[in-house]
Amino acid sequence: MDLTKVVLHPEYQIAPVDPRIFGGFLEHIGRAVYEGVYDPQSKHADKHGFRKDVLSSLKDLAFTAMRYPGGNFASGYHWLDGVGPRSSRPVLTELASLSIEPNQFGTDEFIQLALKMNWTPMITANLGTGTPEEARNWVEYCNGPVGTSFSNLRAKNGSVDPYGVKLWGLGNEMDGPWQQGHVPADQYAIRAQQAAKLMKDIDPSIELVVCGSAEIGLPTYMEWDRIVLEYVGDYADYVSLHRYVGNLTGDTADYLAVTNSIDQQIEVMDGLCRYVQAKLHSRKRYYLAFDEWNVWYRTQNAESVNGHGKFAQHLVEEEYNLEDALVVAGFLNSFIRHADVVKIANLAQIANVIAPILTRGDQILLQSIYYPLALYTHRREGVALQAIVRGPGYESKNFGFVNTIDTSAILGNGLLHTFLINRSTTQPAAVEVETTGIGLKSVLSAEVVTGPSATACNTFAQPDTIHNQKLGKIKLTDHKATISLPPLCVAAISFCIDDNFQFYRPSPS
Ligand code: AHR
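Here the structure is a predicted model, which means the values were calculated and not measured. (Residues numbered from 1 in each chain as written. Predicted model: local features only at pLDDT ≥ 70, side-chain atom pairs only at ≥ 80, totals over all residues. Heavy atoms only, no water.)

A. Structural view of the sheet that holds strand β12 (residues 342-348). The strand order around the closed barrel built from 8 strands is β3-β4-β7-β8-β9-β10-β11-β12, with neighbouring strands paired in parallel fashion. Taken pair by pair, the neighbouring strands of this sheet meet at an average axis angle of 30 degrees, ignoring direction. For strand β3 (residues 23-25) and strand β4 (residues 65-68), the ladder comprises 2 bridges, and the chain directions are parallel. In the strand pairing of β4, phenylalanine 25 is matched with arginine 67. Along the sheet, helix α2 (residues 107-117) makes contact with β4 and β7 (120-124), crossing β7 at roughly 155 degrees. Set on the sheet, helix α9 (residues 322-337) makes contact with β10 (238-245), β11 (287-295) and β12; between it and β11 the angle comes to about 175 degrees. (Pairing = 2+ DSSP bridges. Helix = DSSP H or I, 4+ residues; strand = E, 2+ residues; numbered from the N terminus. Axes fitted to C-alpha atoms, helices over the stretch in contact; angles between N-to-C directions. Contact = heavy atoms within 4.5 Å.)

B. Representation of the side chain of serine 368 within the structure. Within the element layout of this structure, serine 368 appears in the loop between β14 (363-366) and α10 (370-377). For serine 368, a relative accessible area of 0% corresponds to the buried category. In terms of polar contacts, serine 368 uses its side chain to reach the backbone carbonyl oxygen of tyrosine 320, at 3.4 Å. (Buried < 20%, exposed > 50% of the residue type's maximum accessible area, 1.4 Å probe, protein only. Polar contact = N/O pair within 3.5 Å; in protein donor to acceptor, adjacent residues only side chain to side chain.)

C. A look at the packing of helix α3 (residues 132-143) against helix α5 (residues 185-202). For the pair α3 and α5, the least separation of the axes is 8 Å and the interaxial angle reads 25 degrees. The orientation of α3 relative to α5 falls into the category roughly parallel. Considering the relative orientation of α3 and α5, their crossing is right-handed. For the pair α3 and α5, contact is made by Pro132, Glu133, Ala135, Arg136, Val139 and Glu140 and by Arg191, Gln194, Ala195, Leu198, Met199 and Ile202, respectively. When the residues that make up the contact of α3 with α5 are grouped by side-chain class, the tally is 7 nonpolar, 1 polar and 4 charged. (Parallel < 35°, antiparallel > 145°, perpendicular 65-115°, else oblique. Left-handed = near helix turned anticlockwise from the far one by under 90°. Nonpolar A, V, L, I, M, F, W, Y, C, P; charged D, E, K, R; others polar.)

D. Spotlight on the packing of helix α1 (residues 52-59) against α2. Look at α1 against α2: their axes get within 11 Å of each other, and the N-to-C directions meet at 50 degrees. Here α1 lies oblique to α2, going by the angle between them. When you trace α1 past α2, the crossing you get is right-handed. Only Leu113, Lys116 and Met117 of α2 make contact with α1, whose side of the interface consists of Leu55, Leu58 and Lys59. When its residues are assigned to classes, the contact of α1 with α2 shows 4 nonpolar, no polar and 2 charged.

E. Representation of α5 in the model. Taking 1.5 Å of rise per residue, the 18 residues of α5 would be expected to cover 26 Å, and the 25 Å separating its terminal C-alpha atoms lies within 8% of that figure. What α5 keeps buried is the set Ala185, Tyr188, Ala189, Ala192, Ala195, Ala196, Met199 and Lys200. Take α5 and look down its axis: the buried residues cluster within an arc of 140 degrees, on one side only. Buried positions along α5 lie against α3, β8 (167-170), β9 (207-210) and α6 (223-232). (Expected span 1.5 Å × (residues − 1). Arc of directions from axis to C-beta.)

Here it is as structure tokens:
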């Protein structure tokens, strides 16, 4: 068994981990909202119609920033349709997924849910078929003190207190020809800048995410981002990145190496942000909002997003396996490794639609990708450390060389968390974590997610094939931990350490 050595040092700090990188995404599509988080007909519904079983499983993942209401849905959504007495809200044809939208869940229900779940609301304004003024009014509805027509409307609908929504998206994937209201970059940039000005005039404390490239394969990739950032300038706080990946060739080793290309996507977009900042002679640093990411390929076709004019259809209900769970962990490792530039990231999505949780009638299933998310949930506070990894690796077909062990590490108060993915499909791995300058006192907890094969899944008939298990014994000396990993796994280990490191470096500007 080849040894991998992971060297960590408390002075090799990347940046504090922004909690918002553990965000989620709730869109009006398929059964994400209706029959997902909101299902008044279910025996699990609480008095507000929220599904208690779904919410309890989501609560264990402790999502932070929750993006809503879309997605492609956002580009045709008029928020006024979703507020006020439910009986007078319009039932509409929704064009992003060719479905019926009854508007029984809207802004007020979302905020109520966000408060209940301790989510930070992140609202995507409609810059497709909507106007900058409509976006401005939505900010006033959410954040304005009572006394103006939209804030008074909020009070009439039940909340005198402003909702204080601090994070707003300036549209969704406006570079995609599939998007309602899609326009070339220069036209979107004008729309986004106009909306940004009005929105920030209403509430200067909000932060804005401009639409970056929806896919790295689009012909406008990077050029779109450059044009938009240069025009929107200092009104932008973040640029969005989206990424969906999959094992299209049935080659697990190659698929698990996709992390290289996620790292690269982040690094080139940060490079572009630095370029625009320099070109504009601006002091303003743009950060990255990776506000849609996941595995999605089995159901990525026109039929899977076609509701055929019906309500709450089974759209985009991807069934996940073990290798997908490891790729999800790979995304998180990449975000942690880039804690200096990735400040927001949203798993797309949270229930039924490309999600860790599936419902079927009153049943619920936790899919394989639920479990790596759970591994990181209680281990995410602190500063990301730069890990030096020495060990075996392989040349992948599409993504270049990767270490067999993918790593990230977070140094918190009195704790050190390490995350290790063993990409080998057949071989266990020995990993030595060497922590010069950090005394290891004990192992607080050590868990692993693995399974019988790369394609093993949880199903309603066999729901427990993939789950978190205790990781076997870890040998510990003062500055070294020796860990044995099974093939195809992600492990998370938290050590109690002998110091509180308080010298976290702020993110660079
Ligand atoms: O998450 C599903 C869809 O994927 C979203 O609506 C869209 O933004 C993306 O293309």
